[in-house]
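# A closer look at the structure
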Amino acid sequence: MNMKVYVHYTPPPAQASSLLKAHTAILKDITTKTSLISLAEQFLSHYQIKHPPSSSLSTLSSYLRFKLDEDDDVTVVDLEKLEDGDDLFVVLVDSPPSPSPPPPAPPATATASLKTLLNSARQCKEQKQYKKARLLLERALKVDPSDVACLRLLSRLSYDNRNYGKTLSNLKNCLEAQDLKNNEYIDDLVLAAKCCIARGEFNESLDYLESATQIIKEGVYTGGRYRLNHAIICMAECHKNLGKLNESAAITEMVIKKDENFIPALINYADVAMKMGKTKDAVSILLACIVKDQKNKEVKLLLAKAVDGEDGLDHVKGNLPLDASTAPAYAFLATILRDEGHIATATKLVEMAFVASGMGNRSYALNYLHALELEGKFDDGFKKIKRFLKGLEGSLAKSKLAKGVAQFSKVLEGVDGVNGSDRFGAGNSMHTRVKYIEESSLVRGHVVVDGEDLTAIASKTSGNHVEYSQDDYDLLAILFTVVKILYHKGNLGILPELVKAVEPLRIQSKVEIYRTNIRNENAYYMCASQLLAVEDEVGGGTVGNLKPIYVVGDSHTLSVGWRTIGNRLCIPMIVTGLKHWHLREESNFYPKKSFHRTVKSIPKGSDVIFIFGEIDCREGLILATEKDRYETHEEGMKTCIDIWMKEGGKVVEENNFNALIHPVIPVLEETREIVVNYNRIFKAKVEEDSRMKWIDVFEGLLQVKGGAVVLKDEYKLDGTHMNPAYLKLVERWMADTGWS
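Conventions we followed
Residues numbered from 1 in each chain as written. Predicted model: local features only at pLDDT ≥ 70, side-chain atom pairs only at ≥ 80, totals over all residues. Heavy atoms only, no water. Helix = DSSP H or I, 4+ residues; strand = E, 2+ residues; numbered from the N terminus. Buried < 20%, exposed > 50% of the residue type's maximum accessible area, 1.4 Å probe, protein only. Areas by Shrake-Rupley, 256 points an atom, 1.4 Å probe, with all protein chains shown as cover. Phe/Tyr/Trp six-rings, centres within 6.5 Å; stacked < 30°, edge-to-face > 60°. Lys NZ or Arg CZ within 6 Å of the ring centre and 35° of its normal. Expected span 1.5 Å × (residues − 1). Contact = heavy atoms within 4.5 Å. Salt bridge = Lys/Arg side-chain N within 4 Å of Asp/Glu carboxyl O. Pairing = 2+ DSSP bridges. Core = buried A, V, L, I, M, F, W, Y, C linked by side-chain atoms within 4.5 Å. Axes fitted to C-alpha atoms, helices over the stretch in contact; angles between N-to-C directions. Parallel < 35°, antiparallel > 145°, perpendicular 65-115°, else oblique. Left-handed = near helix turned anticlockwise from the far one by under 90°. Nonpolar A, V, L, I, M, F, W, Y, C, P; charged D, E, K, R; others polar. Disulfide = S-S within 2.5 Å. Polar contact = N/O pair within 3.5 Å; in protein donor to acceptor, adjacent residues only side chain to side chain.

Moving on, we get to the overall build of the protein chain. A count of helices and strands for the protein chain gives 29 helices and 14 strands. Taken over 740 residues, the protein chain has a buried fraction of 51%. Roughly 34100 Å² of accessible area belongs to the protein chain as shown, and the carbon and sulfur atoms make up 50% of that amount.

This is the structure in structure tokens:
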């Protein structure tokens, strides 16, 4: 399984200096096979981008160790226990490990050279460095163009990247180069058949499969039955796609009779059942499959489709009678349907889990609130959570959260719904009540309301820190999300009192919240609470005489929301987690569905600012290039931008929006170079399109300092988002261009 892990380094007091800096890196596509050396190298590459090359940490790759618990003295020597989302903590040991054996001498023959390149390519593939692997294999094939092992590995790389045409080409060369009809030869034939299925070439696929099954039947091979089953099920898939459902079902039944746990057969049988209108049977089969293989993407995709279909929920209840014992299964199904874009049904499932658990489970309550957010049912979610918090008061008597939650709940008693009519500026005094205390070597960064002194618990050496349970973190995440929703919907006046209740709970956590699995909720809360402390420097007038301009975007929308630009009031329309990449035609991922739901809620003909693309630059492009999906970063940028120009442009046109495109936000140092290039391409594309206009303020956000391009100090906020002070640049651009 590919995992994302968070690696933290904090220099101990004895080693802290101007050279050794604290740093957190998000490392992706980590597996239990990733070596500790590779982990160290990946962390250091992140560290060196963030900090000067002179940093002494950059020379210590041999001295890095990792541990799973910050307070544990035992360093990690085995990654088998690592799980997705885990935190690792870097340790600098006093001396290097025993010296490794010297690297082998350069190979003396071409054969040795080819073997070395092949082994290196295999290691790169294990680490998901597909581009490096491909380049190594291409070098190896110059030594021997017909080397079967190299051609086979090259075909697997392109198959993983869904480049089925290239895979077929490599496989044909590989099959032609083989004399021995062994297990690997059969696997190559079946893979070629799968490529043909993916390309819609079903008769060609059947030709490969006939060859494979004939060889299996004629010889004795290790795993012969397993390979034969795979080939037969591929045949069944071909018949299914050719419209021969009965033939496909009959072939599949033959395999299931011999192996009732063979997942590919069960998947195909369920798919055929759905196409025949037998959804009840399909749901029953797929529920059994998901129990056997919870990570199978094909099972999840088909199960989501079946449950979202007619009477799908009734079929689930027929297999899983709803009660407290089955509530976890319903909650799990909800995440599957959400990820496949079936948001309304996902909401029903998590609601069922929440009710079945007695409406006291905090994890289900949090997921229910997020599901209602995705549906745009903010008021409904707020009222349900308000009742939930009120009902918790008795059970929290001995909890360290009790006082803060009770205070938070009491403030909410005076709030009837989420919608407000507040905005920043125009005499609003929130910024005089709320202050942000910067992170330092002594205290954690925190928000102060009405001058309340939180130093005693914000102190990094405080004895008042609390070790929260997962239940506690889920409850904190609910409080954070309520603050986010009220901010989003313009109910700003109540927020200082809510922040006053929740902030002591946040900073007293023994583990800093950004290191937990509620880091996303924490990030929204921290951004919103810090923004309360920022006075509106732009525009004027009252809500009644301000013309709305809708701002659709990811979390960067918060910085703009409820601020004024001239006679415009910026109304935030948050689409959490959306990338340009998510909008591609074949995607069903829930941020895309949330985007389309959001734009439908905006009146046609409105003025709209779109702020997207930062997550593409931060998460997707570098990794996709390493995986060889793109030859260069720029190719990836053009692909993502083209998706926006096609799909975003269609939305603009259909709704007759007067659309402005905001430059991608350049706050993060690690990705600023990518953002600069992304905006260069993005701006040129927008300027060629009459449906939208580029807000040309990007260069004004940056300056050159010490030979590096950096964000201007006055536009910094929390290290991720922009300070609203930058809106004066937007106002000036509007005035200069006569935009209205």
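The subject of this paragraph is the packing of aromatic side chains. Summed over the entire model, instances satisfying the criterion amount to 15 aromatic pairs. Aromatic side chains Phe480 and Tyr525 sit 4.7 Å apart centroid to centroid with 20 degrees between the ring planes, which places their arrangement in the stacked category. Pair noted here: Phe480 is in helix H21 (residues 470-488) and Tyr525 is in helix H23 (residues 519-531), with a separation of 45 residues, a long-range link. For the residue pair Phe480 and Tyr525, the accessibility class agrees, reading buried in each case. In textbook terms, an aromatic cluster arises when at least three aromatic residues are bridged by ring pairs, as seen for Phe595, Phe610, Phe612 and Trp644. Lys181 extends its terminal NZ or CZ atom over the ring of Tyr185, reaching a point 5.0 Å from the ring centre. Between Lys484 and the ring centre of Tyr524, over which it is positioned, the NZ or CZ distance is 4.0 Å.

Now for helix H15 (residues 343-356). Taking 1.5 Å of rise per residue, the 14 residues of H15 would be expected to cover 20 Å, and the 20 Å separating its terminal C-alpha atoms lies within 8% of that figure. Of the residues making up H15, those classed as buried are Ile343, Thr345, Ala346, Thr347, Leu349, Val350, Met352, Ala353 and Phe354. On its buried face, H15 is in contact with helix H12 (297-308), helix H13 (312-319), helix H14 (327-339), helix H16 (362-374), helix H17 (378-392) and helix H25 (590-600). Just downstream of H15 lies Gly358, where phi reads positive at about 90 degrees.

On to the pattern of salt bridges, then. Counted by the stated rule, this structure contains 41 salt bridges. Among the ionic pairs, Glu413 bridges to Lys390, the shortest N-O distance being 2.9 Å. Residue Glu413 is found in the loop between helix H18 (402-412) and helix H19 (430-433), and its partner Lys390 is found in helix H17; the two are separated by 23 residues along the sequence. A relative accessible area of 44% places Glu413 in the partly exposed class. Among the residues examined, Lys390 registers a relative accessible area of 42% and is labelled partly exposed. Where Arg433 meets Asp450, a salt bridge forms, and the shortest distance between an N and an O atom there is 2.8 Å. Of the two residues, Arg433 sits in helix H19 while Asp450 sits in the loop between strand E6 (446-449) and helix H20 (455-458), which places them 17 residues apart along the sequence.

Our focus in this paragraph is the environment of Ala356. Mapped onto the secondary structure, Ala356 falls in helix H15. Counting along the chain gives 30 residues from Ala356 to Thr326, while the straight-line C-alpha distance between them is 8.3 Å. Ignoring any residue separated from it by four or fewer positions in sequence, one finds Ala356 in contact with Leu322, Asp323, Ala324 and Ala327.

Our next topic: the pairing of strand E14 (residues 708-711). Bridging between strand E13 (residues 702-705) and E14 involves four bridges; their strand directions are antiparallel. Note on E14: the bridge partner recorded for Lys705 is Ala708. With antiparallel pairing between neighbouring strands as the criterion, E13 and E14 make up a hairpin whose turn holds two residues, including Gly706 at a positive phi of roughly 60 degrees.

Let's shift gears to the nonpolar core. Judged by nonpolar contacts, the single largest core of 193 residues is most densely connected at Leu389, Phe408, Leu476, Phe595, Phe610, Trp644 and Phe682. Among the elements that make up this core, the one with the highest residue count is H21 (twelve residues). Non-local contacts of Trp644, meaning those with residues more than four positions away in its chain, are made with His580, Leu583, Phe595, Phe610, Phe612, Gly649, Ile661, Phe682 and Met692. Cys124, Ala140, Leu141 and Leu153 belong to the second largest nonpolar core, which has 18 residues in total.

One open sheet holds the six strands; their spatial order is E8-E9-E7-E10-E11-E12, and the pairing between them is mixed. The open sheet has two edge strands with one neighbour each: strand E8 (564-565) and strand E12 (692-694). Direction of pairing for strand E11 (residues 658-661) relative to E12: parallel, over a ladder of three bridges. By the bridge assignment, Ile661 is partnered in E12 with Trp694.

For the pair helix H5 (residues 164-176) and helix H6 (residues 183-198), interaxial distance at closest approach is 9 Å and the crossing angle is 150 degrees. Viewed along their axes, H5 and H6 adopt a mutual orientation that is roughly antiparallel. The handedness of the crossing between H5 and H6 is left-handed. Contact residues: H5 offers Tyr164, Thr167, Leu168, Leu171, Cys174 and Leu175, while H6 offers Tyr185, Asp188, Leu189, Leu191, Ala192, Cys195, Cys196 and Ala198. Tallied by class, residues from the contact of H5 with H6 come to twelve nonpolar, one polar and one charged.

For the coordinates displayed, the defined rule picks out zero disulfides. The closest cysteine sulfur to the non-disulfide-bonded Cys174 is located on Cys150, 9.9 Å from its own sulfur.

Before going further, it helps to examine the packing of H18 against H21. Where H18 meets H21, the closest approach of the two axes is 12 Å, and the angle between their N-to-C directions is 30 degrees. When the interaxial angle is binned, H18 and H21 end up roughly parallel. Like other packed secondary-structure pairs, H18 and H21 cross with a definite hand, here left-handed. Of the residues in H21, those touching H18 at Val405, Phe408 and Leu412 are Leu475, Leu479, Val482, Val483 and Leu486. Broken down by class, the residue content of the contact of H18 with H21 amounts to eight nonpolar, no polar and no charged.

Let's shift gears to the side chain of Asp689. Turning to its location among the elements, Asp689 is positioned in the loop between helix H28 (672-687) and E12. Residue Asp689 is classed as buried on the basis of its relative accessible area, which comes to 15%. Only 2.8 Å separates the side chain of Asp689 from the side chain of Arg691, close enough to count as a polar contact.

Let's shift gears to the environment of Glu521. Its place among the elements puts Glu521 in helix H23. Using a relative accessible area of 13% as the deciding quantity, one classes Glu521 as buried. Taking the C-alpha atoms as reference points, Glu521 and Leu479, 42 residues apart in sequence, are found 9.0 Å from one another. The residues touching Glu521, leaving out its near neighbours within four places in the chain, are Leu366, His370, Ala477, Phe480 and Thr481.

Positive phi, close to 60 degrees, is recorded for Met359, a residue that is not glycine. Relative to the assigned elements, Met359 resides in the loop between H15 and H16. Although it is not a glycine, Trp562 adopts a positive phi angle of roughly 65 degrees. Mapping Trp562 onto the fold places it in the loop between helix H24 (557-560) and E8. Judged by its relative accessible area of 8%, Trp562 is buried.

It is worth spelling out the environment of Ile232 at this point. Note on placement: Ile232 falls in helix H8 (residues 224-241). For Ile232 and Ala212, which are 20 residues apart along the polypeptide, the C-alpha to C-alpha distance reads 9.5 Å. Residues within four places of Ile232 in sequence aside, it is in contact with Ile251 and Val255.

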